[in-house]
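# Observations on the three-dimensional arrangement
As a plain string of letters, each chain reads:
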Amino acid sequence: MKRTIFYYFFATFASLLMASCSDTGGKLSLPDPPIITLDSPTSIYTVKTGREIEIRPTYENAEDASFAWRLDNEIIGNEPTLKFTPEQSGRYYITLTVTNQGGTDEEELRIDVLDPTPPTISLPGAENGFTVLLGSELTLLPQVASTLETSYLWTLDGETVGNEQNYVFTASKRGDYTLRLDTRNEDGEDFIEFPVYVRSADEIDFEWDFEQTSYNVAIGRTIRIRAVDIKNAFNATYTWSIDGEVVQENEKPEYAFSAQTTGTHMIKLEMRNDHLSASQLFTVNVCPAEGTYYRPRSGNSQVSCNKVYEFLPAPGQFINDSYTVNTMDEACAYAESILAQKAYISLGGFGGYIVVGFDHSIDNDGDYNIAITGNAFNGSSEPAIVWVMQDENGDGLPNDTWYELRGSEYGKEETIQDYAVTYYRPSAPKMNTLWTDNRGANGAIEYLGAFHSQDYYYPTWVAEDSYTLRGPCLRSRSYDQSGNGTYWVNPAFEWGYADNYSPIDRLSDDDNYNAAPTDNHFKISNAVTFDGRDANLKYIDFVKIQVALNQQCGWIGEVSTEVFDIKDFNMNK
């Protein structure tokens, strides 16, 4: 029985084999080649550093196949699935090869490895606590460095008072309180705890600041001396005296000093209210008449500026991007080297500035005298205010009086003539940089890691944890033309601003489609005093360029003036 069955199967197998050989010309048939189907339709995977990702493709015709996963030509796996645990962030390209006797299939995939983003908290002022006037409110707007879904828990003296990112504290009762914010997401957790002191008006400290306390001014001119950023004055009276003689007493924390006599004068400002008093001394050096320190142009004079005296940008995506400096001197040297190459420097967000000088005085002939090179084109203007200064005391330094060059927006109701923004150092790398202004608003210079991935947009050479930039601010005209954030437009202003696609002062009809370096031109005759009068300067020695908009444009980032060169245009006429 068994023998009969054996012969039957043997005969059947032989006949099938002969038929197969007959069909293939005497060769054995091969299996179909393998087919790989990745478990990501885009072939892109995402994982955080230090975490394992498992890639599980599906296969056809792979029963007896071999598998090879290669990273940089090195085999990192030979199983149908790959378990991968990256230790560093970045972009990894991996090739999967599957082979059997019938052939080979191959697929390339990409793994984007991201750093974890725990919900790190940044809250300006929290390190010293907050003092709040009894009966008022304190609005707390922390920045949290994470795009992941995050939970928030606010507690006041241990009791839960909120679970949103922002919190409003009502100072209804005098006393000392402890506020705490806890954050948590899948990448980690963080907390911040700080005191809040609720005090009556007579217990709160008075605060003020000053743009400068030492002045140089040519005889015959008038300058403004003032206190700024005043807090908790409570109907104060301000008394001004010159060389011991009272000259003004009222509610104004500013004084117009008319320079009538050469020499050094001592000015004193006293503040008094119902609770306290404070004072500040100023030194004013009245210099010889205009022209005393004029430096005529010679045959060796350079067209372009030859020295950078200050370079203090606002935070921005180009700050610290390709350079590292630790002091203002190093920052100025860097800026000098870049301008010498006719490459550009970025001034960051609102208020960022650069101060340059020349090897001669630039004359005012009533026409255009200064050219500043930017890269504006139609739909992309990032305007800056231009200031000019004479070397009134003859020491070769820009420590005299700045005069604004009037532009098309000067004096308009929508232009804020005295605007100040305070920027705060982020508490961790790769965070937005927070700001507050002197009109009660707040916001951030957004971190754009996909384009500029340096740890901080806050200038490395600013030692303080916050700094304030002050100047005129134009009303932004920027808008999102696409409606979905993909196409931003920054329209031009008519005239009078650097890096601005002006139809007037570019002196060109070129549309500059490729954003090449192009000049705006400026007249010294447009210089105005602090109160809007013509300054009537015969010449200047220093130029300051300062960003004039506070505007964030989605993925493009902050509006930030670019400067390639500053020139004496008189020498090119």
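Not measured: the values here are computed from a predicted model.

What counts, and at which threshold
Residues numbered from 1 in each chain as written. Predicted model: local features only at pLDDT ≥ 70, side-chain atom pairs only at ≥ 80, totals over all residues. Heavy atoms only, no water. Helix = DSSP H or I, 4+ residues; strand = E, 2+ residues; numbered from the N terminus. Rg over C-alpha atoms; globule rule 2.2 N^0.38 Å. Buried < 20%, exposed > 50% of the residue type's maximum accessible area, 1.4 Å probe, protein only. Phe/Tyr/Trp six-rings, centres within 6.5 Å; stacked < 30°, edge-to-face > 60°. Pairing = 2+ DSSP bridges. Axes fitted to C-alpha atoms, helices over the stretch in contact; angles between N-to-C directions. Salt bridge = Lys/Arg side-chain N within 4 Å of Asp/Glu carboxyl O. Core = buried A, V, L, I, M, F, W, Y, C linked by side-chain atoms within 4.5 Å. Polar contact = N/O pair within 3.5 Å; in protein donor to acceptor, adjacent residues only side chain to side chain. Contact = heavy atoms within 4.5 Å. pLDDT = per-residue confidence, 0-100.

### Regarding the overall build of the protein
- From N to C terminus, the protein includes two helices and 45 strands.
- The C-alpha atoms of the protein give 34 Å as radius of gyration, which overshoots the globular expectation for 573 residues (25 Å, by more than 25%).
- The dimensions of the protein, computed from C-alpha atoms along their principal axes, are 135 × 70 × 40 Å.
- Put simply, the protein has 573 residues, and 46% of those count as buried.

### Re the packing of aromatic side chains
- Here the structure, examined in full by the defined rule, presents 23 aromatic pairs.
- With centroids separated by 5.5 Å and ring planes inclined at 80°, the aromatic side chains of F210 and F282 adopt a geometry described as edge-to-face. Placement of the pair is F210 in strand β19 (residues 207-210) and F282 in strand β26 (residues 277-287), with a sequence separation of 72 residues.
- For F282, a relative accessible area of 1% translates into the label buried.
- Centroid distance F451 to W555: 5.9 Å. Interplanar angle 40°. Geometry classified as tilted. Here F451, found in the loop between β35 (442-445) and β36 (466-473), pairs with W555, found in the loop between β42 (552-553) and β43 (557-558); they are 104 residues apart in sequence, far enough to count as distant.
- Judged by relative accessible area, which is 49%, F451 ranks as partly exposed.
- By the ring-pair criterion, three or more aromatic residues cluster together here, those being F206, W208, F210, W240, Y255 and F282.

### A few points about the sheet that holds strand β15 (residues 159-162)
- Overall, mixed pairing links the five strands, which are arranged β11-β18-β17-β14-β15 in an open sheet. Across the chains shown, the open sheet's two edge strands, defined by having one partner strand only, are β11 (130-133) and β15. If you compare each strand with its neighbour and ignore which way they point, the axes differ by 35° on average.
- The pairing of strand β14 (residues 151-156) with strand β17 (residues 175-185) spans six bridges and is classified as antiparallel. Note that in β17 the partner of S151 across the bridge is R184.

### Thoughts on the pairing of strand β16 (residues 167-170)
- Burial along β16 is one-sided: Y167 and F169 are buried, while V168 and T170, pointing the other way, are not.
- Judged from the four bridges that link them, strand β12 (residues 137-140) and β16 form a sheet pairing that is antiparallel. Among the inter-strand pairings, L138 is bridged to a residue of β16, identified as F169.

### Observations concerning the sheet that holds strand β34 (residues 433-437)
- Strand order in this open sheet of four strands is β35-β34-β33-β36, and the pairing throughout is antiparallel. The two strands at the open ends of the sheet, each matched to only one other strand, are β35 and β36. Looking at each pair of strands side by side, their axes are set apart by 30° on average, direction ignored.
- Where β34 lies against β35, four bridges are found, and the strand directions are antiparallel. In the strand pairing of β35, W435 is matched with G443.

### Observations regarding the pattern of salt bridges
- Applying the stated criterion across every chain yields a total of 29 salt bridges.
- Close ionic contact of R51 with D187 constitutes a salt bridge, the shortest N to O distance being 2.7 Å. Of this pair, R51 sits in the loop between β2 (44-48) and β3 (53-55) while D187 sits in the loop between β17 and β18 (188-199); the two residues are 136 residues apart in sequence, bridging distant segments of the chain.
- Since its relative accessible area comes to 12%, D187 is described here as buried.
- Of the charged contacts, one joins R91 and D112 as a salt bridge, the two residues approaching to 3.0 Å between their closest N and O atoms. You can see R91 sitting in strand β8 (residues 90-100) and its partner D112 sitting in strand β9 (residues 103-114), a full 21 residues away along the chain.
- Within this structure, E211, R226, D229, D418 and R470 form a network of salt bridges that share partners.

### Looking at the nonpolar core
- Residues F311, I345, I354, V543, I545 and I566 are the most contacted members of the largest nonpolar core, which totals 56 residues.
- Membership of the second largest hydrophobic core comes to 22 residues, among which are F206, F210, I223 and I267.

### Considerations on the side chain of T401
- Along the chain, T401 turns up in the loop between β31 (384-389) and β32 (402-405).
- In this structure T401 comes out as buried when scored by relative accessible area, which is 13%.
- Side-chain polar atoms of T401 contact the backbone oxygen of N216, separated by 3.2 Å.
- In this structure the side chain of T401 is engaged in a polar contact, spanning 3.1 Å, whose partner is the side chain of E392.
- Those residues within four positions of T401 in sequence are excluded, and the remaining contacts are N216, V217, I223, V388, M389, Q390 and E392.

### Here we look at the pairing of β18
- Examined bridge by bridge, β11 and β18 share four bridges and lie parallel to one another. Each residue of the ladder has a partner; that of V132, found in β18, is V198.
- Relative to β18, β17 is paired through eleven bridges, and the arrangement is antiparallel. Residue pairing across strands places T178 opposite P195, the latter belonging to β18.

### Details of the confidence of the model for the protein
- Chain-level pLDDT for the protein is 92 on average; 95% of the residues reach the 70-or-more range.
- In this model, residues 1-24 is a region of pLDDT below 50 whose contacts with residues beyond four sequence positions or in other chains number three contacts.

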